[in-house]
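Spelled out from the first residue to the last, the chains are:
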Amino acid sequence: MNPPRDVLERFPALNCHGVHFLGNRGGFSGAQLWRLESSAGDFCLKAWPPVDLTAERLTGIHQLLRAARRAGVDFVPQALATSAGPSEVVSGGRLWDCSTWLPGAADFHAHPSAARLAAAGAALARLHVAWQDQSPRNGPCPVVQRRRAGLQRWQDLLATGWQPTITPDDPVRPWAERAWQLLPHAVTQAQRALFDWRDVPLRLHPCWSDPWHAHVLFTGDRVTGVIDYGAVKEDHAAIDLARLLGSLVGDDYAAWEVALSAYAAIRPLTNQERLLIVVLEQVGLVNALVSWLRWLYRDGRVFEDRDAIAKRLQTMVTRLDNQAPLKK
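This text gives an overview of the structure that appears in the document.

### Regarding the pattern of salt bridges
And step 1. For the structure shown, the criterion picks out 18 salt bridges.
And step 2. A salt bridge links Arg267 to Glu273; its shortest N-O distance comes to 3.7 Å. The two residues Arg267 and Glu273 agree in class, both being buried.
And step 3. For Arg319, the salt bridge is made with Glu281, and the minimal N-O distance between the two is 2.9 Å. Highlighted residues: Arg319 in helix α9 (residues 306–322) and Glu281 in helix α8 (residues 271–297), separated in sequence by 38 residues.

The following block contains the structure:
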């Protein structure tokens, strides 16, 4: 599958001699990716999901990536300018961009190590340092407000009498049914854990907001790529640490400390921030399960690989089953 010709023509400097379709590269957002080979090197062409992203927002993301590059962060992609000047293209009802291809593989789970954990923590700290002076302010943590609102919407939905209808042949079924059993108590705990954070003023600045293990590329023990910035938004750094640590090592809190120590050596963490990281990671697990049940059984969202979703839910449900009570 080739990208539209009018999109490639907007990046004439590439002079591509190889175009390789990568699909969604294991993601669930609906994005499509191509690896482009050219005399100038390899590049990643991306068709962004056809919802929730404006050209203005994508331009803002590209500006943040350029700011990180100027600060010496060499593991973030650099968006190419088009022949018309901007770094985004509109075609076929989607936004497109093309950025430098980053080396490495998202293989932490296949080759975990303390050195790699420390490298991931240090990389995230470098990104935060590069962005912490981009429109900084103090205020209540936005992710706390979003999580509280999301859990309340779930409670409101349940109050209508709704419950998921799961077909017998659905590969997600055993994990969706177990999540349904666990969520009543877990949601209540999560709401209580978030309550005390609702008005706490914290330092806010742009955050990655999607540090999934598949978005951190390693070459040996070095982080050589940090990719996918579609979720970037103003928030507190704790949300990135919570998502990164939960995705890489789950509930292994000894392993957490390896990454946190490396992070704190570059960007110090307060005790308050460390506590918030734990709260956000645990609440995030509950919120993710709520979202998946709603997407699959109420909103009717269609995903290409139902088996991959089953594996994702299996991991989350198993963690929630074994998790200690949420900390306040």
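### Things to note about the packing of helix α3 (residues 114–131) against helix α7 (residues 253–264)
Packed helices, taken two at a time, are described by their axes: the angle between them and the distance between them.
And step 1. Viewed as axis vectors pointing N to C, α3 and α7 meet at an angle of 40°, and their least axial separation amounts to 7 Å. The angle between α3 and α7 falls in the class oblique. As for how α3 packs across α7, the hand of that crossing is right-handed. Here Ala114, Leu117, Ala118, Gly121, Ala122, Leu124, Ala125 and His128 of α3 lie close against α7, whose contacting residues are Ala255, Val258, Ala259, Ala262 and Tyr263.
And step 2. Broken down by class, the residue content of the contact of α3 with α7 amounts to eleven nonpolar, two polar and no charged.

### Comments concerning the pairing of strand β2 (residues 32–38)
And step 1. With five of seven residues buried, β2 is to be regarded as a mostly interior element.
And step 2. Examined bridge by bridge, strand β1 (residues 16–23) and β2 share six bridges and lie antiparallel to one another. The residue of β2 that forms the bridge with Val19 is Leu36.
And step 3. Pairing geometry for β2 and strand β3 (residues 41–47), over seven bridges, is antiparallel.

### With respect to helix α4 (residues 142–159)
And step 1. Compared with an ideal rise of 1.5 Å per residue, which puts 18 residues at 26 Å, α4 spans 26 Å between its outermost C-alpha atoms and is within 8% of the ideal.
And step 2. Three or more residues of α4 are buried, namely Pro142, Val143, Val144, Arg147, Gly150, Leu151, Trp154 and Leu157.
And step 3. The inward-facing, buried residues of α4 contact β6 (137–140), α5 (173–195), β7 (201–207), β10 (233–235), α6 (237–249) and α8.
And step 4. With its phi angle positive at about 95°, Gly161 sits one or two positions after the end of α4.

### Here we look at the environment of Pro136
And step 1. Here Pro136 shows up in the loop between α3 and β6.
And step 2. It is 27 Å that separates the C-alpha atoms of Pro136 and His213, two residues lying 77 residues apart in sequence.
And step 3. With near-sequence residues (within four places) excluded, Pro136 lies in contact with Arg203 and Leu204.

### Side note on the packing of aromatic side chains
And step 1. What the rule picks out here adds up to eleven aromatic pairs.
And step 2. Ring geometry for Trp292 against Trp295: centres 5.1 Å apart, planes inclined by 75°, an arrangement best described as edge-to-face. In this pair, Trp292 and Trp295 both sit in helix α8, three residues apart, roughly one turn of the helix.
And step 3. By the ring-pair criterion, three or more aromatic residues cluster together here, those being Phe21, Trp34 and Trp96.
And step 4. Residue placement shows Arg301 over the ring face of Trp295; its charged tip is 4.5 Å from the ring centre.

### Quick look at α6
And step 1. The end-to-end C-alpha distance of α6 is 18 Å, a good match for the 18 Å that 13 residues give at a rise of 1.5 Å each.
And step 2. Across the 13 residues that make up α6, a large majority, twelve, are buried.
And step 3. When α6 is considered as a whole, its buried residues turn out to be Ala237, Ala238, Ile239, Asp240, Leu241, Ala242, Leu244, Leu245, Gly246, Ser247, Leu248 and Val249.
And step 4. Gly250 occupies a position one or two residues after α6 and carries a positive phi of about 60°.

### Regarding the side chain of Glu88
And step 1. In this structure, Glu88 sits in the loop between α2 (55–70) and β4 (89–91).
And step 2. The charged side chain of Glu88 is buried without a salt bridge, its nearest counter-charge being Arg66 at 7.6 Å.
And step 3. Within the structure, Glu88 has its side chain in polar contact with the side chain of Thr59 (distance 2.9 Å).
And step 4. Not counting residues within four places of it along the chain, the set of residues in contact with Glu88 comprises Ala55, Leu58, Thr59, His62, Thr82, Leu95 and Trp96.

### Section: the sheet that holds β4
And step 1. If you walk across this open sheet you meet the five strands as β1-β2-β3-β5-β4, and the pairing is antiparallel. Lying at the two open borders of the sheet, with one neighbouring strand each, are β1 and β4. The average angle at which neighbouring strand axes cross in this sheet is 25°, direction not considered.
And step 2. Pairing of β3 with strand β5 (residues 94–100) involves five bridges; the strand directions are antiparallel. The partner of Cys44 across the bridge, within β5, is Ser99.

Criteria and thresholds
Residues numbered from 1 in each chain as written. Predicted model: local features only at pLDDT ≥ 70, side-chain atom pairs only at ≥ 80, totals over all residues. Heavy atoms only, no water. Salt bridge = Lys/Arg side-chain N within 4 Å of Asp/Glu carboxyl O. Buried < 20%, exposed > 50% of the residue type's maximum accessible area, 1.4 Å probe, protein only. Helix = DSSP H or I, 4+ residues; strand = E, 2+ residues; numbered from the N terminus. Axes fitted to C-alpha atoms, helices over the stretch in contact; angles between N-to-C directions. Parallel < 35°, antiparallel > 145°, perpendicular 65-115°, else oblique. Left-handed = near helix turned anticlockwise from the far one by under 90°. Contact = heavy atoms within 4.5 Å. Nonpolar A, V, L, I, M, F, W, Y, C, P; charged D, E, K, R; others polar. Pairing = 2+ DSSP bridges. Expected span 1.5 Å × (residues − 1). Phe/Tyr/Trp six-rings, centres within 6.5 Å; stacked < 30°, edge-to-face > 60°. Lys NZ or Arg CZ within 6 Å of the ring centre and 35° of its normal. Lys, Arg positive; Asp, Glu negative; His and termini not counted. Polar contact = N/O pair within 3.5 Å; in protein donor to acceptor, adjacent residues only side chain to side chain.

Structural measurements only, silent on function.
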